[in-house]
Amino acid sequence: MSKSSWDPKIVAFLCHWCSYAGADLAGVSRLQYPPNIRVIRVPCSGAINPLYIFKALREGADGVLVSGCHPGDCHYISGNYYARRKFYILKELLIWTGIEADRIQFSWVSASEGQKFSEVVTEVVNAVKLLGPSRKLVKEFSINV
Amino acid sequence: MFESILKELAKKLLREKTVDLVIGYGSSQYPFRTEPLLINKEEQVATLTWNPFCGNNLARYLKYYKNTQHKIALMVKGCDSRAVQVLLKEDQIKRERLYLIGLPCSGLVNQEKLLKQFPQTSLEDFEWKESGWFYQGKKINPSLLLEETCLRCRHPNPTEYDELVGEPMTDSPYQVYQQDYLEPVDSLSAEERWNRWSKEMSKCIRCYACRNSCPLCYCQECFAESTQPQWVSPAPIPSDNFLFHLVRTMHMAGRCVECGACERACPVSIPIAQLPLKVEAIIREQFQFEAGTDQESTAPLLTYQENDPGDFIK
């Protein structure tokens, strides 16, 4: 596949209470954003296991977006605070192992921020496009070093 | 010298029925090695030993006694006692079921290093004195002899024990800190780091020795062996090796006590402890937490602050 015809596939984990509703609002408001994301609805950003993120990359996703409620607004009071610590460590670990950390993006989008949602998706898609197709961590059977 | 004290103590504990089981180190049929020794009779203490080859982290065995009523005496070095502390904190075993025999540790001797440096040698040639290791009376550089884990050790003394056998060590006798240890990797570019790690990971044969020797990997079913869903392929393909180690590292975040059991167990010499070590360094710096050093503080991923770093989130 030539690079010009390549379109990134991005897995978006959206929290049920904020970001998913934000995406919904973007939709009903007829806001435009790139159609590269595949949405998976989760109860809370705190429910995101780093394993899900790695698994998405392994299965060939070019990027992953995790989005939840703003700090202080979590439906479960503090799920996103726990998530923030977890993601911080995850991000630092990715950087240290040399995996492009820009493929994995985090955002806080509330249910009323349809506009912000479309902006975030546009930013993420642009960032992933810059990096090109994902190769690291993608399932491969041969050793290529 | 301390061996006889240990034997007496083990005998006494078993005779007085203070404990049902003593887990310690026994002499091995191989030179410069020891093996775990699980004894429940007084007469079995004869092979109990304590020397710089007692590498196994015996806290691993507590997992197998979680649902029994045994009272257990466990020989713990500094790192092992930190592992026990984490297990206690995570409610994996009750403190009253444990009798911890603390062993201040002057570092474990690496067999390969030893034989490379001193091909014709016996253990009697080496002596630990207050200021370091001596070979036939001459002081030697500990980095020629000791395990990497021990060179970067910050807590050679047990943090939790019922009885201490031996003289407490001065803290961090070797002064090689994590930063120095990880520096060669830290200073590489992102691409070089990726090349390094993907090369290391393609060596992995997925024997799970790292996981199985880890005192804190106690899940009944590991995600790596789950079949529904199947997170990683059981075949040792590079991408899945990497995924396995990354997720294991995340599982160890804020829990790893840096005992180096994984690294010593690795049959293909992957410096696998560096991953959790880096994470622990990040956690110490950002969240001021060190696993296994006290009973009160909450594990860093089980708590939060409102002003935690969040600049990376859009």
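Everything in this summary refers to the structure shown in the same document. (Residues numbered from 1 in each chain as written. Chains lettered and ligands numbered in written order. Predicted model: local features only at pLDDT ≥ 70, side-chain atom pairs only at ≥ 80, totals over all residues.)

1. Regarding the overall build of chain A
In step 1: Looking only at helices and strands, one finds four helices and four strands in chain A.
In step 2: Starting at the N terminus and ending at the C terminus, chain A contains elements arranged as β-α-β-α-β-α-β-α.
In step 3: In terms of overall dimensions, chain A is globule-like: its C-alpha atoms have a radius of gyration of 15 Å, near the 15 Å expected for 145 residues.
In step 4: Judged by the C-alpha coordinates and their principal axes, chain A covers about 45 × 35 × 20 Å.
In step 5: Residues classed as buried in chain A amount to 53% of the 145 residues present. (Helix = DSSP H or I, 4+ residues; strand = E, 2+ residues; numbered from the N terminus. Rg over C-alpha atoms; globule rule 2.2 N^0.38 Å. Buried ≥ 20, exposed ≤ 12 C-beta atoms within 10 Å, placed from the backbone.)

2. Some details on the interface of chain A and chain B
In step 1: On the side of chain B, 34 residues touch chain A, which itself brings 36 residues to the contact.
In step 2: For the side of chain A that touches chain B, the secondary-structure elements that each account for two or more residues are helix 2 (50-58), helix 3 (79-97), strand 4 (104-108) and helix 4 (114-131) of chain A.
In step 3: Here the side of chain A that touches chain B gets 13 residues from one element, more than from any other, and that element is helix 3 of chain A.
In step 4: Taken together, the residues of the side of chain A that touches chain B sort by class into 20 nonpolar, five polar and 11 charged. (Contact = placed C-beta atoms within 7 Å. Nonpolar A, V, L, I, M, F, W, Y, C, P; charged D, E, K, R; others polar.)

3. Points about the sheet that holds strand 1 (residues 10-15) of chain A
Residue and element names in this part refer to chain A.
In step 1: Reading across the sheet, the four strands line up as 2-1-3-4 and stay open at both edges, with parallel pairing between neighbours. Strand pairing shows two members of the sheet lacking a second neighbour, strand 2 (37-42) and strand 4, which therefore form its edges. The mean inter-strand angle of the sheet, taken between neighbouring strand axes irrespective of direction, is 20°.
In step 2: Direction of pairing for strand 3 (residues 63-68) relative to strand 4: parallel, over a ladder of five bridges. Within strand 4, the residue paired with Leu65 across the bridge is Gln105.
In step 3: Lying on the sheet, helix 1 (residues 19-28) is in contact with strand 1, strand 2 and strand 3; it crosses strand 1 at an angle near 110°. (Pairing = 2+ DSSP bridges. Axes fitted to C-alpha atoms, helices over the stretch in contact; angles between N-to-C directions.)

4. A word on the pairing of strand 4 of chain A
In step 1: Counting buried positions along strand 4 of chain A gives five out of five residues, so the element sits mostly inside the fold.
In step 2: Considered for its hand, the β-α-β crossover made up of strand 3 of chain A, helix 3 of chain A and strand 4 of chain A is right-handed. (Right-handed = clockwise from strand over helix to strand, strands pointing away.)

5. Let's talk about the nonpolar core
In step 1: Core analysis: the biggest nonpolar cluster contains 124 residues, and Ile10 and Val64 of chain A together with Ala10, Leu74, Ala83 and Ile101 of chain B have the highest contact counts within it.
In step 2: Ranked by residues supplied to this core, first place goes to helix 3 of chain A with 10 residues. (Core = buried A, V, L, I, M, F, W, Y, C linked by C-beta atoms within 7 Å.)

6. Brief notes about the sheet that holds strand 8 (residues 138-139) of chain B
Residue and element names in this part refer to chain B.
In step 1: Read across the sheet, three strands follow the order 6-7-8 without closing on themselves; strand pairing throughout is antiparallel. Edge positions in the open sheet fall to strand 6 (126-129) and strand 8, since each of these has one partner strand only.
In step 2: Inspection of the sheet shows strand 6 paired to strand 7 (residues 132-135) by four bridges, in the antiparallel sense. Note on strand 7: the bridge partner recorded for Trp128 is Trp133.

7. As for unusual backbone geometry
In step 1: The amide bond that connects Gln228 of chain B to the next residue, Pro229 of chain B, takes the cis arrangement and shows omega of 0°.
In step 2: Looking at where Pro229 of chain B falls in the secondary structure, it is placed in the loop between helix 7 (209-213) and helix 8 (238-252).
In step 3: In this model, Ile77 of chain A sits at a positive phi of 75°, which is unusual for a non-glycine residue.
In step 4: Within the fold, Ile77 of chain A resides in the loop between strand 3 and helix 3.
In step 5: Phi angles above zero are rare outside glycine, and Lys17 of chain B is one such case at about 60°.
In step 6: With respect to the helices and strands, the residue Lys17 of chain B is situated in the loop between helix 1 (2-15) and strand 1 (21-27).
In step 7: The class of Lys17 of chain B is exposed, set by 8 C-beta atoms lying within 10 Å.

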